[in-house]
Structures are given as structure tokens and as C-alpha cells.
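The chain contents come next:
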Amino acid sequence: MNVCVIGTGYVGLVTGATFADLGNEVICVDKDESKIERLKRAEMPIYEPGLEEIVRRNMEEGRISFTTDIAEGVKRSLVIFIAVGTPPKDNGETDLSQVESVAKEIAYHMDSYKIVVNKSTVPVGTGDLVRRIIEQHRRRQVDFDVVSNPEFLKEGSAVYDSMHPDRIVIGAPSQHVAMALLELYAPLEVPMLITDVESAEMIKYASNAFLATKISFINAIANICEKAGADVMLVAKGMGYDKRIGHEFLQAGLGFGGSCFPKDTLSLRHVTRKFGEDSSLLDAVLAINEDRVPRFVRRIEQRFAGDVSGKTFGILGLAFKPNTDDLREAKSLEIIRLLQEKGARIRAYDPVAMENAKAVLENVTFSKSAYDAAEGTDAVIIVTDWNEFKLLNLEKLREKMRQPIIFDGRNIYQPERVRKYGFEYFSIGRP
Ligand code: UGA
């Protein structure tokens, strides 16, 4: 099938690569010329394990190409995916301007029947909006349909998730239109659910908000554990064996960051209020999350008798989670800002996010390894649970430090083990 994907961010690029790998002819469109130039040389604009290899292979076999010319993409394809950014506005509402402008361009260049698929995360009602925009702006009276096909991939495992999704959701105006999408996804052999457009849009937001709720829930439990002398890791484990609860997304820590959970929960809250409904559940999920870093920093301050000025901290991990170089809503930025405001000095290390971090952080000494980041510090702070931090040589780490103190925001160590090496160890929700 001829497929066009508009937008070459995480979702667009990975979706394009996946469809090409399944044997389709894919044309990826982006208005960012330098990005397209790089992609034509098979250079990835993002760090994502396995992505470069799959793009390169499909380019060599002629199944994926890149262009800034949206007209070419639209004319050549039956199915057109919209995968552009949907950032939040100040009031939490989703900014749909990129989706709207792409819809106009599609309308402008359509010369035969098209299936326009919303893959960007968009609030309920956007499918209808896109349909109205195309109706208003099409230059020829050609037919089209608008489908919602939300994406559930995670950064850091995007290629795997895209090839092995738990389910495919297709929100289509008719069974006939849904069939075209079913055909596209059939080789993946995974459960597919066909719904109306609005339900598919809601499934995406409800799923992300539910996962965010799980994280805030376990973080609220962690707060109680700290006071009660219980261990949140054991509590989560014990809860997770209940099949109705499950083990995933019950990792207590610094809360959820990234480009999705914070923005999507805010957007769902905005939609909830817009419909005049009670948003208190989502209010709580967001409030708990917003307090994670301030609470953690208060703990650090307490250890230094309320004054961290002149102290040096080694930050391990800058990316919002492991296996990505993405710093959007990364807890590291918030922790560093708060500590710097209180007069602390910062050394930092991340396996892949250093270049991105240099562009946004000031007065930080960037180190070449975790040990280097620990050099002369009063404490090391674990912010991202990269695998390489889990097996650090703790003796070597301690020797580098001025004071052997670890604040572990992701509970990557066993407290007894770290203490055996002579560290004072603070973690989340554990005695
Ligand atoms: C999330 C969803 O997991 C994907 O299904 C979805 O497609 C995507 O958003 C999206 O809407 O595009 P992502 O933001 O890449 O994916 O990352 P997650 O692995 O879900 O992690 C989000 C945040 O939650 C991270 O900051 C992570 O550290 C935190 N988290 C995750 C926890 O604090 N505890 C957990 O148990 C799990």
C-alpha cells in the first residue's frame, strides 16, 4: 500500500519505518528541511535503539523515502497519517495548530480518494475537526475519510513497541474504511479493535491518564511508607501479583516526565472541565506528580541541615527516562534548577542526553562518566534509572566523593548493599 506519514518525530518516523518494514511504500514528510536532509543520509534526528538500522535497510530496499514536499506525499498515497506535534498551551489545552495546518495542506493537494489518519495524540473531537477543515479547504470534490489510530509506543523501546503493540485501535466512520487500516496492520498479528472515531480518541487519553494515575498512586503510597517504616518496593511487588493490578507502572520515584503523560493528563483535565465534569481525580494525579521533585529536594536539604549552598552534587541521569536522549519534562532539569537556586554546584552525567542537556542547562559541569560526575561531590543523586548506573563500582564511586551520600530517586539499589560500602543512602518510600 502507498502510505504517507506527515511529521518525522518519534511517532511519525517510527510508524513510517514500521510500515516500510512490513512491505509498504512509505513517504515521510516534514517541513524541517535540515531534518529531511539528515534523514536522506539515514542520520536519525533522535536517539532510539534500532531505528537507524531499520530506516537504513528500508531506504536501501527503496521502501521509505523522505521529502519536504507534502503535495508529493499526498498525491502518491492512499493512506495519509498525521503525526505532528500536539504541544500543550499554558492552560493545559492541546495546541492543534500543526494538525490544523496539515489538514489544510492535505485538502489542498488531494486529487483522489484519501484516508486521513490521526496518529498524533489529540483530544476527543479532533477527528471531526479535521474532517470539517478538509471539507472546507479541498479544491476538488474528491472523497475522503478521517480515521483515529492512536499510537501507544514508548520512547526508548519505540521500534519494538511499534512492531509488537498490545493492541491496535482503529476509530473509523465505517467498517469499510476500517478494513483498509486492518489490512495495513494485519501482518503484525495482534488484537485489533474497531471503534467510532471519538472512542478511539478517548482510548488514547484514558490509557495514558490511567498509567499516570498508577504512578501517582504508588508515589502517594511511597510517601506513607516513608512515615510508616514500610518498603514501597515490596508493597508494589505484593500488589502487582494481583492480576487485576499487574506489576507495570508501579515504580515509585520522582514521578512521570516526558512528552506524553504530563501533557496528556493536563489535556484530559482540560477536556473534563470543558464538558463541565469533575476533574478532581486528575487534579490529584497531577498534584502528586508536581510535588515529587520539591519533596525530594527538601529531603536533600534536610540532610544538609537546611543549607545546600556551596555543596556540590553529582547528577546521574539527565534524560526523562533510560534509553532516550529526550529531556522534555525531565526531572533532572527541575532538580538542577532547584538546587542551583539554593546555591549548590552541579556536576552531571548521562550516557546519551549530554548534548541536548548542554543546550538547555547553565553552570553545570558536564562529566565524561558517572565516576567523573561524582568527583569531589557532597552527594550523588540518581535521577534516571539507566542500566549502567545499576552496576557501578560503588567502592570506586565512594573514593571519588567528598562525602559518601547517595540520594536515589529511582530506587535502583538495595539499601543494605549500598550501606555495606559505607554510603549514607536515601531512596524513595523505603525506611
Ligand atoms: C508513554 C506511554 O507509556 C506510551 O504507551 C504512549 O504511547 C506514550 O506515552 C505517548 O503517549 O506517546 P513514554 O512517555 O515514552 O510513553 O514513557 P513511559 O515509559 O511511559 O514513562 C513515562 C514517565 O513515567 C517517565 O518519566 C518514567 O520515568 C515514569 N514512570 C514510568 C514512573 O515514574 N514509574 C513507572 O512505574 C513507570
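Everything quoted here is computed from the prediction, not taken from an experiment.

Procedures and definitions
Residues numbered from 1 in each chain as written. Predicted model: local features only at pLDDT ≥ 70, side-chain atom pairs only at ≥ 80, totals over all residues. Heavy atoms only, no water. Helix = DSSP H or I, 4+ residues; strand = E, 2+ residues; numbered from the N terminus. Rg over C-alpha atoms; globule rule 2.2 N^0.38 Å. Contact = heavy atoms within 4.5 Å. Areas by Shrake-Rupley, 256 points an atom, 1.4 Å probe, with all protein chains shown as cover. Phe/Tyr/Trp six-rings, centres within 6.5 Å; stacked < 30°, edge-to-face > 60°. Buried < 20%, exposed > 50% of the residue type's maximum accessible area, 1.4 Å probe, protein only. Lys NZ or Arg CZ within 6 Å of the ring centre and 35° of its normal. Pairing = 2+ DSSP bridges. Right-handed = clockwise from strand over helix to strand, strands pointing away. Domains from an automatic or database assignment. Buried area = accessible area lost by both parts, 1.4 Å probe. Salt bridge = Lys/Arg side-chain N within 4 Å of Asp/Glu carboxyl O. Polar contact = N/O pair within 3.5 Å; in protein donor to acceptor, adjacent residues only side chain to side chain. Near = heavy atom within 4 Å. Nonpolar A, V, L, I, M, F, W, Y, C, P; charged D, E, K, R; others polar.

Looking now at the overall build of the protein. Counting its secondary structure elements, the protein contains 18 helices and 14 strands. Relative to the 2.2 N^0.38 estimate, which gives 22 Å for 431 residues, the radius of gyration of the protein is 23 Å and therefore close to what a compact globule would have. For the C-alpha atoms alone, the extent of the protein along its principal axes is close to 75 × 50 × 40 Å. Relative to all contacts within the protein whose residues are 6 or more apart in sequence, the contacts with residues 24 or more apart total 71%. Carbon and sulfur atoms provide 50% of the accessible area of the protein, an area that totals close to 19100 Å².

What follows deals with the packing of aromatic side chains. This structure, assessed with the given rule, holds nine aromatic pairs. For the pair F249 and F261, a centre-to-centre distance of 6.1 Å together with 65° between the ring planes defines the contact as edge-to-face. With F249 in the loop between α10 (232–240) and α11 (261–274) and F261 in helix α11, the pair connects residues that are 12 residues apart, well separated along the chain. On the accessibility criterion, F261 (12% relative accessible area) is buried. Ring plane angle 85° and centroid distance 6.0 Å describe the contact between F256 and F261, whose orientation is recorded as edge-to-face. Relative accessible area serves as the criterion here: at 3%, F256 is assigned to the buried category. Taken together, the ring pairs in this structure connect F304, F313, F407 and F426 into an aromatic cluster. Sitting over the face of the ring of Y108, R139 holds its NZ or CZ atom 4.0 Å from the ring centroid.

Examined against the element boundaries, R430 turns out to sit in the segment after β14 (424–426). For R430, the contacting residues outside a window of four places in its chain are E226, A230, D231, V232, M233, D408, N411, Y413, P415 and Y425.

Moving on: the pairing of strand β13 (residues 405–408). The alternating pattern of β13 places I405 and F407 on one face and I406 and D408 on the opposite face, and all of these are buried. Bridge analysis of strand β12 (residues 379–382) against β13 gives three bridges, and the strand direction is parallel. Looking at β13, one finds that I382 is bridged to D408. Between the parallel elements β13 and β14, the chain passes through helix α18 (residues 415–420) in a crossover that is right-handed.

When its domains are assigned, the protein resolves into domain 1 (2–195), domain 2 (204–290) and domain 3 (292–426). For domain 2 and domain 3, the distance between their C-alpha centroids amounts to 24 Å. The interface is formed by 19 residues belonging to domain 2 together with 17 residues belonging to domain 3. Ranking the residues of domain 2 by area buried against domain 3 places E226, L254 and G258 at the top, with a combined share of 39%. Applying the counting rule to domain 2 against domain 3 returns two salt bridges. Between R299 and E226 there is a salt bridge, with the nearest N and O atoms lying 3.7 Å from each other. Inspection of the region where domain 2 meets domain 3 yields 11 residue pairs in polar contact (both at pLDDT 80 or more). Secondary structure elements with two or more residues in the side of domain 2 that touches domain 3: α9 (197–228), α10 and α12 (280–303).

Time to look at the side chain of R269. Residue position: R269 is located in helix α11. Only 3.0 Å separates the side chain of R269 from the side chain of D283, close enough to count as a polar contact. With near-sequence residues (within four places) excluded, R269 lies in contact with S279, L282, D283 and L286.

Here we come to the site of the ligand. What surrounds the ligand is a group of 20 residues, the closest being F152, L153, E155, K204 and N208. One of the side-chain N or O atoms of N208 is found 2.7 Å from an oxygen atom in the ligand. In this structure, L250 approaches the ligand through a main-chain N or O atom, which is 3.3 Å from an oxygen atom. Within the complex, 90% of the 720 Å² of free accessible area of the ligand lies under protein. For the shell around the ligand, the secondary-structure elements that each account for two or more residues are α9 and α11. When its residues are assigned to classes, the shell around the ligand shows nine nonpolar, four polar and seven charged.

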